[in-house]
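A look at the structure
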Amino acid sequence: MTVRINGKEFEVSPGTSVAAALLNIGYSGFRRSETGESRGPVCGMGICLECRVQIGGVRHVRACMVTCQDHMEIETDA
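Keep in mind that what you see is a predicted model, and the values were worked out from it rather than measured.

The rules behind these values
- For every chain, the first residue of the written sequence is number 1, and numbering continues from 1 onward in sequence order.
- Local features in a predicted model are, by the rule used here, given only for residues with pLDDT of at least 70; side-chain atom pairs are given and counted only at 80 or more, and totals for whole chains, interfaces and linings are based on all residues.
- Side-chain calculation: all heavy atoms of the structure are included, whereas hydrogens and water are not.
- One bridge is not enough; two strands pair if DSSP finds at least two bridges between them.
- Helix and strand assignments come from DSSP, with helices taken as H or I runs of at least 4 residues and strands as E runs of at least 2, each series counted from the N terminus.
- Put simply, buried Ala, Val, Leu, Ile, Met, Phe, Trp, Tyr and Cys residues joined by side-chain atoms within 4.5 Å make one nonpolar core.
- Residue burial is assigned from relative accessible area. The probe radius is 1.4 Å, only protein chains are included, and a residue is buried under 20% of its type maximum, exposed over 50%, and partly exposed in between.
- By the convention used here, residues are in contact when the closest approach between their heavy atoms is within 4.5 Å.
- The salt bridge definition used is simple: a Lys or Arg side-chain nitrogen within 4 Å of an Asp or Glu carboxyl oxygen.
- Lines fitted to the C-alpha atoms define the axes, with helices restricted to the stretch that makes contact. Angles between their N-to-C directions range from 0 to 180 degrees.

So, on to the pairing of strand β1 (residues 2–5). Here four bridges tie β1 to strand β2 (residues 8–11), and the two strands are oriented antiparallel to one another. When the sheet's bridge partners are listed, V3 is paired in β2 with F10. Alignment of β1 against strand β7 (residues 73–75), held across two bridges, turns out to be parallel. Pairing of I5 across the sheet is with I74, part of β7.

Right under this line is the structure:
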């Protein structure tokens, strides 16, 4: 299946979380804090809120809690 991340297409396996897809292609920072620090997943289960991305135009979605869908549009702020 194909997802678009920051305007580029990537192949991911079915069942892959958005956070895992981002980490697998080399993204460690998904967003920036208010002070400009790069932030990425810490807990992997939706508690820490550090893995927030934009999916399909919806901001602040927890990447670790969403499974990739074919043709999904994902944007990071980092």
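Moving on, we get to the nonpolar core. The nonpolar side chains of a soluble globular protein tend to be buried with one another. Among the nonpolar cores identified, the biggest contains 17 residues, and V3, V18, F30, V53, I55, A63 and I74 are the most heavily contacted of them. Contributing elements (two or more residues each) for this core: β1, α1 (18–24) and β5 (52–55). When residues no more than four places from it in sequence are discounted, the contact partners of I55 are V18, V61, V66, M72, E73 and I74.

Bringing the pattern of salt bridges into the picture now. Any two side chains of opposite charge can pair, so long as their charged atoms come close to each other. What the rule picks out here adds up to five salt bridges. Among the salt bridges present, the one from R4 reaches E9, with a minimum N-O distance of 3.0 Å. On the accessibility criterion, R4 (27% relative accessible area) is partly exposed. Classification of E9 as exposed rests on a relative accessible area of 53%. Taken together, the shared-partner salt bridges in this structure form one network comprising R31, E37, R39 and E50.

A few words now on the sheet that holds β1. Pairing is mixed in the open sheet, where five strands are placed in the order β2-β1-β7-β5-β6. Of all the strands in the sheet, just β2 and β6 (58–62) have a single pairing partner and so form its edges. Each strand of the sheet is rotated relative to its neighbour by a mean of 40°, with strand direction disregarded. Relative to β7, β5 runs antiparallel, the two being bridged by two bridges. Across the sheet, residue I55 finds its bridge partner in β7, namely I74.

Side chains V53 and I55 project from β5 onto a buried face, and the interleaved R52 and Q54 project onto a face without burial. Direction of pairing for β5 relative to β6: antiparallel, over a ladder of three bridges. Residue pairing for β6: R52 is matched across the bridge by R62. Connecting β5 to the antiparallel partner β6 that follows it, the hairpin turn spans two residues, and G56 within it adopts a positive phi of roughly 60°.

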